[in-house]
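The residues making up each chain are set out below.
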Amino acid sequence: MLSIVKLGHPALRARAEPVVATDESLARLAEDMLETMYAHDGCGLAANQVGVTRRIVVIDTREAKKRPSVLRIGGKTRPVHKHMPMILVNPEIESAGMCLAGSEACLSIPGIHGEVTRPAVVKARAHDLEGNVVEFEAEGLLARALQHEVDHLNGVLFIDRLDAAERQRVADELHQMAGGMLG
Ligand code: ZN
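Cut-off values and rules
Residues numbered from 1 in each chain as written. Predicted model: local features only at pLDDT ≥ 70, side-chain atom pairs only at ≥ 80, totals over all residues. Heavy atoms only, no water. Helix = DSSP H or I, 4+ residues; strand = E, 2+ residues; numbered from the N terminus. Rg over C-alpha atoms; globule rule 2.2 N^0.38 Å. Contact = heavy atoms within 4.5 Å. Expected span 1.5 Å × (residues − 1). Buried < 20%, exposed > 50% of the residue type's maximum accessible area, 1.4 Å probe, protein only. Donors = N, O, S within 2.8 Å, 3.2 Å for Na, K, Ca; no water. Salt bridge = Lys/Arg side-chain N within 4 Å of Asp/Glu carboxyl O. Polar contact = N/O pair within 3.5 Å; in protein donor to acceptor, adjacent residues only side chain to side chain.

Quick rundown of the overall build of the protein chain? Include the residues and the values.
A count of helical and extended segments in the protein chain gives three helices and seven strands. Going residue by residue from the N terminus, the α and β elements of the protein chain occur as α-β-β-β-β-β-β-β-α-α. For the protein chain, the C-alpha radius of gyration of 16 Å lies close to 16 Å, the compact-globule estimate for 183 residues. For the protein chain, the C-alpha atoms occupy an extent of roughly 50 × 35 × 25 Å along the three principal directions. Here the analysis covers contacts within the protein chain between residues at least 6 apart in sequence; of these, 68% occur between residues at least 24 apart.

Put into structure tokens, the structure is as follows:
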């Protein structure tokens, strides 16, 4: 299992580098990232979060029964569970649809959650580990998770996307946590 880097680590603010999808070291990295994500009950993990600035994310939203995901391929709705876990190499997303507020948390910022407003639907294009192009449309938790993880690859954290009031509340919580650790 890999260790998850926390807020303050430079990898969380770095822009990850594109990778060659068939690079053999990626399969091992993806496997280790999945193990790490499941061990922490997460539904997504980006390589930056394990200190590796390469463009790969893993996602599995199956456990979040109260926050359903919708997956469409070629315009047709597909059973989400058949496509999980997702390992996405060099993912690119394009947002569509109206914006929705929803609760988010991050394994790199433990104990903090906040309401983030994001587009409800995203179109995604990525490679799998065999180098095949995968294209799909996501809605629900999957759309949110994708945007959260692709943000990580660009050095962006969900706390950057909070509105002013939420950001202040979170800043106070982070400050208290840091104080608690020092004390
Ligand atoms: Zn995160």
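Talk me through helix α2 (residues 141–153); I want residue IDs and the actual numbers.
End to end, α2 covers 19 Å across 13 residues, agreeing with the expected 18 Å (1.5 Å per residue, within 8%). α2 sits mainly inside the fold: 13 of its 13 residues count as buried. At the exit of α2 stands Gly155, carrying a positive phi of roughly 75°.

Explain the coordination of the zinc ion to me, using residue names and the numbers behind them.
At this site the zinc ion is bound by Cys106 (SG), His148 (NE2) and His152 (NE2), with donor distances of 2.1 to 2.3 Å. Read in sequence order, the donor residues coordinating the zinc ion give the pattern C-x41-H-x3-H. Here the residue His148 and the residue His152 both occupy positions in helix α2, the gap between them amounting to four residues, near one helical turn. The burial state of His148 is the same as that of His152; both residues are buried.

Please give an account of the pattern of salt bridges that cites residues and values.
One pass over the full model with this rule turns up 13 salt bridges. One salt bridge in this structure joins Glu104 and Arg144, with 2.7 Å as the shortest N-O distance. Of this pair, Glu104 sits in strand β5 (residues 86–105) while Arg144 sits in helix α2; the two residues are 40 residues apart in sequence, bridging distant segments of the chain. What makes Arg144 buried here is its relative accessible area of 10%. One salt bridge in this structure joins Glu135 and Arg125, with 3.6 Å as the shortest N-O distance. Of the two residues, Glu135 is situated in strand β7 (residues 133–140) and Arg125 in strand β6 (residues 113–127); the sequence distance between them amounts to 10 residues. Accessibility expressed as a relative area gives 38% for Arg125, which makes it partly exposed. Each of the salt bridges in this network shares a partner with another, and the network as a whole consists of Glu104, Arg118, Arg144, Asp151 and Arg161.

Now, about the side chain of Glu166: what can you tell me, with residues and values included?
Relative to the helices and strands, Glu166 is located in helix α3 (residues 164–182). A distance of 2.7 Å separates a polar atom in the side chain of Glu166 from the backbone nitrogen of Glu115. Once residues lying within four places of it in the same chain are set aside, the contact partners of Glu166 are Gly114 and Glu115.

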